[in-house]
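A look at the structure
Read off the chains here:
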Amino acid sequence: MSELESTVRLVARWRDGEEAAASDIVGRFRVPLTAIVAKLIGRRLRRRVDADDALQSAFHTFLRGARDGQFTVSQTGQLWGLLVSIARHKVQKQAELHTAARRDVASESEAATALAAHPDDTPSPDCEAALLDEIRLVLASHSERDATMLQMCLAGYSVSEIADSLACSRWTVRRVLDRIGEDLKRRLYGDG
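Residues numbered from 1 in each chain as written. Predicted model: local features only at pLDDT ≥ 70, side-chain atom pairs only at ≥ 80, totals over all residues. Heavy atoms only, no water.

Description of the pattern of salt bridges
The full count for this structure, using the stated rule, is six salt bridges. For R13, the salt bridge goes to E18, with nearest N and O atoms at 2.9 Å. Taking relative accessible area as the criterion, R13 reaches 25% and is therefore assigned partly exposed. Between E19 and R175 there is a salt bridge; the shortest N-O distance is 3.9 Å. You can see E19 sitting in helix 2 (residues 19-45) and its partner R175 sitting in helix 9 (residues 170-189), a full 156 residues away along the chain. By relative accessible area, E19 is classed as partly exposed at 24%. (Salt bridge = Lys/Arg side-chain N within 4 Å of Asp/Glu carboxyl O. Buried < 20%, exposed > 50% of the residue type's maximum accessible area, 1.4 Å probe, protein only. Helix = DSSP H or I, 4+ residues; strand = E, 2+ residues; numbered from the N terminus.)

Written as structure tokens, this is what we have:
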């Protein structure tokens with residue numbers, strides 16, 4: 001099977017509702033796209049923007065758009081070019097956000113950033129208990145299966161192991177864990 005046929009077929013499988021196709025798309029393009037995103041982010045912005053977050057957002061945008069018919073792939077290299085373009089846009093939006101006046105990454109001192117990234121002390125038992133309470137409150141609005149996914153993740157199971165154990169796709173596990181993480185962020189930091 002040629003590269004053109006396999007790429008076009010892969011996107012068609014996803015559009016037809018085959019969840020495993022999403023994992024195949026991400027698996028095929030993750031490593032080379034990670035290198036490009038890391039280069040786009042640059043040294044200074046790297047303190048604030050994680051390449052994996054931008055990459056995940058780019059894949060999510062593509063997969064949602066492909067399923068909705070917004071993106072079509074019919075030529076060699078078209079999917080790669082589209083993913084690079086989406087990733088570049090995601091990084092540009094993050095750069096705009098983190099270079100805005102009050103959030104300007106250039107105004108941070110190296111020492112403050114280093115301390116924030118590597119704190120010397122561990123959380124107190126009270127902080128740990130408060131975080132566990134927040135997690136329980138977030139999980140109250142999720143299904144039992146979602147809670148099980150989070151528990152397995154926190155216990156050190158990989159996404160693949162969780163997916164195999166619960167008879168679902170890796171993409172489903174990632175999506176659920178991301179949704180729980182976003183809910184927790186909103187609870188801890190508000191909507192802003």
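Points about the packing of aromatic side chains
By the definition in use, this model includes two aromatic pairs. Between the aromatic rings of F29 and W80, the centroid separation amounts to 6.1 Å while the plane-to-plane angle is 20 degrees, which identifies the pairing as stacked. You can see F29 sitting in helix 2 and its partner W80 sitting in helix 4 (residues 78-98), a full 51 residues away along the chain. Residue classification places F29 among the buried residues on the basis of a relative accessible area of 8%. Given the relative accessible area of 29%, W80 is considered partly exposed. Consider the rings of F62 and F71, whose centres lie 5.9 Å apart with planes at 15 degrees: the pair is stacked. (Phe/Tyr/Trp six-rings, centres within 6.5 Å; stacked < 30°, edge-to-face > 60°.)

As for the side chain of T172
Looking at where T172 falls in the secondary structure, it is placed in helix 9. Here T172 falls in the buried class, since its relative accessible area comes to 15%. Among all residues touching T172, those that are not within four sequence positions of it are E19, R145 and M149. (Contact = heavy atoms within 4.5 Å.)

Considering the packing of helix 7 (residues 144-154) against helix 9
Where helix 7 meets helix 9, the closest approach of the two axes is 10 Å, and the angle between their N-to-C directions is 90 degrees. In this view, helix 7 runs roughly perpendicular relative to helix 9, as classed from their interaxial angle. Residues R145, D146, M149, L150 and C153 of helix 7 form the contact with helix 9, whose own contacting residues are T172, V173, V176, L177, R179 and I180. Here the residues of the contact of helix 7 with helix 9 sort into seven nonpolar, one polar and three charged. (Axes fitted to C-alpha atoms, helices over the stretch in contact; angles between N-to-C directions. Parallel < 35°, antiparallel > 145°, perpendicular 65-115°, else oblique. Nonpolar A, V, L, I, M, F, W, Y, C, P; charged D, E, K, R; others polar.)

Description of the nonpolar core
Ranked by size, the top nonpolar core spans 31 residues in total, and within it W14, I25, L33, V37 and F62 carry the most contacts. For this core, the secondary structure elements donating two or more residues are helix 1 (3-15), helix 2, helix 3 (51-67) and helix 4. The element best represented in this core is helix 2, accounting for nine residues. Leaving out residues up to four positions away in the same chain, F62 has contacts with V11, I25, F71, L79, L82, L83 and I86. By size, the runner-up hydrophobic cluster in this structure holds 15 residues, among which are M149, L177, I180 and L184. (Core = buried A, V, L, I, M, F, W, Y, C linked by side-chain atoms within 4.5 Å.)

With respect to helix 9
The α-helix winds at 3.6 residues per turn, so residues separated by three or four positions along the chain end up facing the same way. In a regular helix each residue adds 1.5 Å, so 20 residues correspond to 28 Å; helix 9 covers 28 Å between its end C-alpha atoms and thus fits that length. Looking only at helix 9, the buried set comprises W171, T172, V173, V176, L177, I180, D183 and L184. Residue G190 follows helix 9 closely and has a positive phi angle near 85 degrees. (Expected span 1.5 Å × (residues − 1).)

Considerations on a negative patch on the surface
Together, D50, D52, D53 and D178 give the surface a local cluster of negative charge. Along the polypeptide, D52 turns up in helix 3. On the basis of relative accessibility, which here comes to 37%, the residue D52 falls in the partly exposed class. (Patch = residues over 30% accessible without salt bridge, like charges linked within 9 Å, V, L, I, M, F, W, Y side chains within 5 Å. Areas by Shrake-Rupley, 256 points an atom, 1.4 Å probe, with all protein chains shown as cover. Lys, Arg positive; Asp, Glu negative; His and termini not counted. Charge placed at Lys NZ, Arg CZ, Asp CG, Glu CD.)

Here we look at helix 2
End to end, helix 2 covers just 33 Å across 27 residues, shorter than the expected 39 Å (1.5 Å per residue, more than 12% under). Considering bend angle alone, the principal kink of helix 2 is centred on R30 and spans about 50 degrees; proline P32 follows within four residues of it. Inspection of helix 2 places A21, A22, S23, I25, V26, F29, L33, V37, I41, G42 and L45 among the buried residues, and these make up the whole buried set. (Bend = angle between axes of the 7 residues up to and from the residue.)

Scope: geometric values only; no functional claims are made or implied.
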